[in-house]
Amino acid sequence: MRFAFSQPMARKLRYTKKCPATFEVTVRTLHGRLLLRPSKLLNLIILGIIGRALALYPLKLHLVTVASNHIHLLLTVDSVKRLSEFMCYFNSKIAREAGWLHHWKEKVFGKRYTAIEITDERAMIRKAIYLLSHGCKEGLVLRPSDWPGVNCVAAVTRGKALKGIWYDRSKQYEAGRAGEPVSRQDFATEYEIPLSPLPCFEDLSVGEQRARYRAMVRDIELATRQQVQREGRRILGTKKVLAQSPHRIVSKLKKRPAPLCHSSDSEERRRYRDDYRWFATLYRR
């Protein structure tokens, strides 16, 4: 059955068919500027913000990668309200820190985050590979572990802890106004980011999970080398990535419309689309 909307949709409503639900979440910088260009300090700050956000708004974070102009998260939530709370805190804090670090006074993110529900195991594995391949598929590095920005490759393949620093800017500001000696480290809290297994990996042991991820990484590295040889392209390399200006605008940006869901079954996608249309129609009425 098809449903018609009573009025044009201003934006996609937050929706899930069931809870808990797993989402791929993406947020992009304004104009594709490289405002998230990796650096040791920014990496620590972003990980610290993730840790703080998880402490305030608990959910299951599976994978994370931060490119120079966008962020990808794979996570599971008990409600879309919790997802909204987490992302509101996450985006606002990163925008403030990245703006301060790069002397940028405009907004950092171009628009709202995109959250796309993942409905089955095959689609979940495909999106996991997609996240782990960042840096390689763009021709920036040869191996996922070479990416100098925030990523979880070492964490999911070898169990290396992801740690970051969260700075309490409010207390730091208040201490400065009171005339007290202010040191940024006096207001720093270290957070270790707990990564939860993918829902399709929950029945596997930790060793089996890491073996699955290592196999994904090997396939990504092989595909990258083959693409480099086939196309004769040159890898930019870590040094040039770090030397890029954070204010630079990427000339080519993907502008494909986001799907309603990630599913390996066309019939499931159709059902999801119809359910969403019914939900949106009722909501707007």
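Residues numbered from 1 in each chain as written. Predicted model: local features only at pLDDT ≥ 70, side-chain atom pairs only at ≥ 80, totals over all residues. Heavy atoms only, no water.

1. Focus on the packing of aromatic side chains
So, point 1. In total, this model carries eight aromatic pairs according to the counting rule given.
So, point 2. Look at Tyr276 and Phe279: their rings are 6.4 Å apart centre to centre, the planes differ by 45°, and that puts the pair in the tilted class. Of this pair, Tyr276 and Phe279 both sit in helix α8 (residues 266-284), three residues apart, which is roughly one turn of that helix.
So, point 3. Given a relative accessible area of 4%, Tyr276 falls into the buried group.
So, point 4. One aromatic cluster in this structure is built from Tyr15, Tyr272, Tyr276, Phe279 and Tyr283. (Phe/Tyr/Trp six-rings, centres within 6.5 Å; stacked < 30°, edge-to-face > 60°. Helix = DSSP H or I, 4+ residues; strand = E, 2+ residues; numbered from the N terminus. Buried < 20%, exposed > 50% of the residue type's maximum accessible area, 1.4 Å probe, protein only.)

2. Description of helix α2 (residues 80-101)
So, point 1. Taking 1.5 Å per residue, 22 residues should reach 32 Å; α2 reaches 31 Å between its end C-alpha atoms and fits that length.
So, point 2. By the burial criterion, the buried members of α2 are Leu83, Phe86, Met87, Tyr89, Phe90, Asn91, Ile94, Glu97, Ala98 and Gly99.
So, point 3. Buried residues along α2 sit in contact with β1 (21-28), α1 (40-56), β3 (70-77), β4 (114-118), β5 (162-167) and α5 (169-177).
So, point 4. Following α2 by one or two positions, His103 has its phi on the positive side, about 55°. (Expected span 1.5 Å × (residues − 1). Contact = heavy atoms within 4.5 Å.)

3. Thoughts on the sheet that holds strand β7 (residues 261-262)
So, point 1. One open sheet accounts for five strands, arranged β2-β3-β1-β4-β7; its pairing is mixed. Strand pairing shows two members of the sheet lacking a second neighbour, β2 (60-66) and β7, which therefore form its edges.
So, point 2. As paired elements, β2 and β3 share six bridges and run antiparallel to each other. Bridging across to β3, Thr65 finds its partner in His72. (Pairing = 2+ DSSP bridges.)

4. A word on the pairing of β4
So, point 1. Among the five residues of β4, four are classified as buried, and the element is accordingly described as predominantly covered.
So, point 2. Summarising the sheet, β1 and β4 pair through five bridges and their orientation is antiparallel. Residue pairing across strands places Val25 opposite Ala115, the latter belonging to β4.
So, point 3. As paired strands, β4 and β7 are joined by two bridges and run parallel to one another. Of the residues in β7, the one forming a bridge with Ile118 is His262.

5. Some remarks on helix α3 (residues 121-132)
So, point 1. For α3, spanning 12 residues, the distance from its first C-alpha to its last is 17 Å, which sits close to the expected 16 Å at 1.5 Å a residue.
So, point 2. Among the residues making up α3, those that are buried are Ala123, Met124, Lys127, Ala128, Leu131 and Leu132.

6. Observations concerning the confidence of the model for the chain
So, point 1. The share of residues in the chain with pLDDT of 70 or more is 95%, and the mean pLDDT across the chain is 90.
So, point 2. This stretch, residues 1-9, has a pLDDT under 50; its non-local contacts, to residues over four places away or in other chains, come to 15 contacts. (pLDDT = per-residue confidence, 0-100.)

7. So, the packing of α1 against α2
So, point 1. Where α1 meets α2, the axes come as close as 10 Å, and the angle between the chain directions of the two elements is 160°. In terms of orientation, α1 and α2 fall into the roughly antiparallel class. Of the two possible hands of crossing, α1 and α2 adopt the one that is right-handed. From α1, Leu41, Leu42, Ile45, Ile46, Ile49, Ile50, Arg52, Ala53, Leu54 and Leu56 reach across to α2, where they touch Phe86, Tyr89, Phe90, Lys93, Ile94, Glu97, Ala98 and Leu101.
So, point 2. Looking at the contact of α1 with α2, its residues break down into 15 nonpolar, no polar and three charged. (Axes fitted to C-alpha atoms, helices over the stretch in contact; angles between N-to-C directions. Parallel < 35°, antiparallel > 145°, perpendicular 65-115°, else oblique. Left-handed = near helix turned anticlockwise from the far one by under 90°. Nonpolar A, V, L, I, M, F, W, Y, C, P; charged D, E, K, R; others polar.)

8. Examining the pairing of β2
So, point 1. Burial runs high along β2: six of the seven residues are buried.
So, point 2. Joining the antiparallel neighbours β2 and β3 is a turn of three residues.

9. Concerning the nonpolar core
So, point 1. The biggest cluster of nonpolar side chains holds 65 residues, and the ones touching the most others in it are Leu73 and Leu75.
So, point 2. At eight residues, α1 tops the list of elements feeding residues into this core.
So, point 3. If we skip the residues at most four places from it in the chain, Leu73 touches Phe23, Glu24, Val25, Leu61, Leu63, Val64, Phe86, Met87, Phe90 and Leu131.
So, point 4. The next biggest cluster of nonpolar side chains, apart from the first, holds six residues, and it includes Leu13, Tyr15, Tyr276 and Ala280. (Core = buried A, V, L, I, M, F, W, Y, C linked by side-chain atoms within 4.5 Å.)

10. So, the side chain of Glu97
So, point 1. Here Glu97 lies in helix α2.
So, point 2. Judged by its relative accessible area of 8%, Glu97 is buried.
So, point 3. Excluding its chain neighbours within four sequence positions, the residues that come into contact with Glu97 are Ile45, Ile49 and Arg169.

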